[in-house]
Each structure stands twice: as structure tokens, then as C-alpha cells.
Amino acid sequence: MKEISLCAYAKLNLYLDITGKRHDGYHLLETVMQSIDLCDIVTIRMSDKVGATTVECSNKAIPYGKKNICYKAANYLFTAAQRYPACEIFIEKRIPCAAGMGGGSADAAAVIVGLNRLMGEPISPSQLFRPAVRTGADVPFCMVGGSKLCRGIGDDIRGDADIPERVYLVVMPDFLCDTHGAYFNYDQAPMPQRGAIKRFLKSGDEFPKQLYNVFMEIYENEKINGIAEKLIELGAEGACLTGSGSAVFGVFGGEQTAAKAAQAFPSYFTAVCRPIKFGTQVIG
């Protein structure tokens, strides 16, 4: 069997606002996403013979087989390529689950890129966006990565965002956010758009002070706000929730300051991360 391994990189939302709702129930977003060097490792083994797809993960809490987003990604890619080889997918999980960091979407992006490579690239890079969009809203961004302005449900990539180099400290608390409840509450009492995306994109070195996530206002969660405030007390230039949570990140000027701040959260998952310019990377 042919084999390939890829890094599937996490993302942070530096700016996130809800701008509306589609007829199918999906909410429309305006967001700036940033890839960081925290990653899962996705290994794919593929046969030239027709067969089944299997998905396993080092984290036993992650769904296996058909319930995993990577199964969907493989199936959509095979449908696009009109080939159905047997393949085995294994995910070494390093990105926290249910964190708002796009871990599942990153894994799915890696599966699409990796399987296309193993099959001899029957699908062109531009056409890979079709199975990516069908798989999930953040999957197209996780394929290309970098710093991007995105709209729609997150799948409409509008172009590069010029974000100055910084270090990010991610803090994942020991509780999960109720995303469905948050969207329900928003629908019951929609909030006005912040309308500050242009200011954020033009803020340059001051961007940490312009971080925004509408979910922080929807949740009004004292623990989330407390983590963000503590990060700023520890030297962060700015701090914010990513995605719909529950991970919070602080923006720091250097790795030493960020690493020292991480020591203040001994019972939580923490990671000091650098921004990167890609979403997936073949490593073997």
C-alpha cells in the first residue's frame, strides 16, 4: 500500500462576527483566520484496489469510521475523482477537541490533499475546493492556510490578510462551550454587526488590540473572560476566544513571555504557537 503523512495545522480566529443567516439555517460569518504551527499528524495508507475506508484516532473520544469528518472528506474526493480505492486513515491528535481551532477541519483538509497526492493528483488544486466545501465550512481554509479574510459560512476565502508576526499562547480550559445554544440565543435576539473588519485589517502592529469574537458577547462567560483578562495581565497585547470556543488565545511579542504566561495555567492545556503560511504540509 502507498503511504503519506501530513501535518494538519490548527487555526485561530483573530476576528469573528455573525453577519446573517442562510435559508438552510447556516449562519453567515465575517472572519480573519490565522494558521498556527500546532498540528495533528494524519497518516494515510491507500491500496490500488477498490475497497473500504477506515478512520482511527489516537484520541478515543473522536468518532471512528463513517462518523468521522475524514471519512466524509475521503468519500467526496473519491466521488470527484471517480475512483474508490481502499484506504486507512490514522489521526495522531494534538489539537484540542471542541476548541474552536478547526482540528477536525484540518484533518479533513489533510485527507483531501494526501489522498489526491497518493492517487497521482487526478484533481487539480483549484478543483480540490469542491470536495473541501462539501466536507465542511472551514476545510477550504485549512487546505490553503495562512492569514485569510473569509466570509460566507467560512468557506468564501476573499484573500490574504496582512497580519504582523506575533507569538500566540493558546489556553484550552476544562469546559466546553455550548455552540448550538449560543447560535439559538443569537437567533432569538440578533446582535448588530460590529462592522470593524476594515479597521482590523488596517490596524497593523496594533491588531492585538482589535481582536474580536462575537461569541464572547453571546456567552458572557466569566471563566472565558477571566482567562482573557489574565492573559493580558501576564503580558499579552490582546486576548480573545477562537471560533465558538472554548479555547482562548493571547498575542505576545516573544516566545519567552508567552511560555512564562503558560505557567499560570497548570491545569489547562496550553501551547505556544507561531503563525504559518500554509494549512497542510507533507512530512513523509
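As a starting point, this report considers the structure included with it. Only a predicted model underlies this, so the values are computations on that prediction, with no experimental measurement involved.

### Points about the sheet that holds strand E11 (residues 269-273)
Now for step 1: Read across the open sheet, the 4 strands follow the order E9-E10-E7-E11; overall the sheet is antiparallel. With one partner strand each, in any of the chains shown, strand E9 (238-241) and E11 form the two edges of the open sheet. When strand polarity is set aside, the average angle formed by the axes of neighbouring strands in this sheet is 20°.
Now for step 2: Across 5 bridges, strand E7 (residues 167-172) lies against strand E10 (residues 248-252) in antiparallel orientation. Paired with Leu169 across the strands is Gly250, a residue of E10.
Now for step 3: Across the sheet, helix H8 (residues 222-233) touches E7, E9 and E10, and the angle it forms with E10 is around 15°.
Now for step 4: Where helix H9 (residues 255-262) meets the sheet, its contacts fall on E7, E10 and E11, and the angle it forms with E7 comes to roughly 15°.

### Topic: helix H5 (residues 179-188)
In an α-helix, one turn spans 3.6 residues, which is why side chains three or four residues apart end up on the same side.
Now for step 1: All buried positions along H5 are accounted for by Gly181, Ala182 and Tyr186. Down the axis, H5 shows its buried residues gathered within 140° of arc, on one side only. In H5, the exposed positions that point more than 90 degrees away from the buried face belong to His180, Phe184 and Gln188.
Now for step 2: Buried residues in H5 make contact with strand E1 (2-21), strand E2 (27-50) and helix H7 (214-219).

### Some thoughts on the packing of helix H1 (residues 69-81) against helix H2 (residues 103-118)
Now for step 1: Look at H1 against H2: their axes get within 8 Å of each other, and the N-to-C directions meet at 35°. Taken as a pair, H1 and H2 cross one another with a handedness that is right-handed. In this structure, H1 contributes Ile69, Cys70, Ala73, Ala74, Leu77 and Phe78 to the contact, and H2 contributes Gly104, Ser105, Asp107, Ala108, Val111, Ile112, Leu115 and Asn116.
Now for step 2: Of the residues belonging to the contact of H1 with H2, the class tally is 10 nonpolar, 3 polar and 1 charged.

Quick notes on the rules
Residues numbered from 1 in each chain as written. Predicted model: local features only at pLDDT ≥ 70, side-chain atom pairs only at ≥ 80, totals over all residues. Heavy atoms only, no water. Pairing = 2+ DSSP bridges. Helix = DSSP H or I, 4+ residues; strand = E, 2+ residues; numbered from the N terminus. Axes fitted to C-alpha atoms, helices over the stretch in contact; angles between N-to-C directions. Contact = heavy atoms within 4.5 Å. Buried < 20%, exposed > 50% of the residue type's maximum accessible area, 1.4 Å probe, protein only. Arc of directions from axis to C-beta. Left-handed = near helix turned anticlockwise from the far one by under 90°. Nonpolar A, V, L, I, M, F, W, Y, C, P; charged D, E, K, R; others polar.

Function cannot be read off these values alone, since they describe shape.
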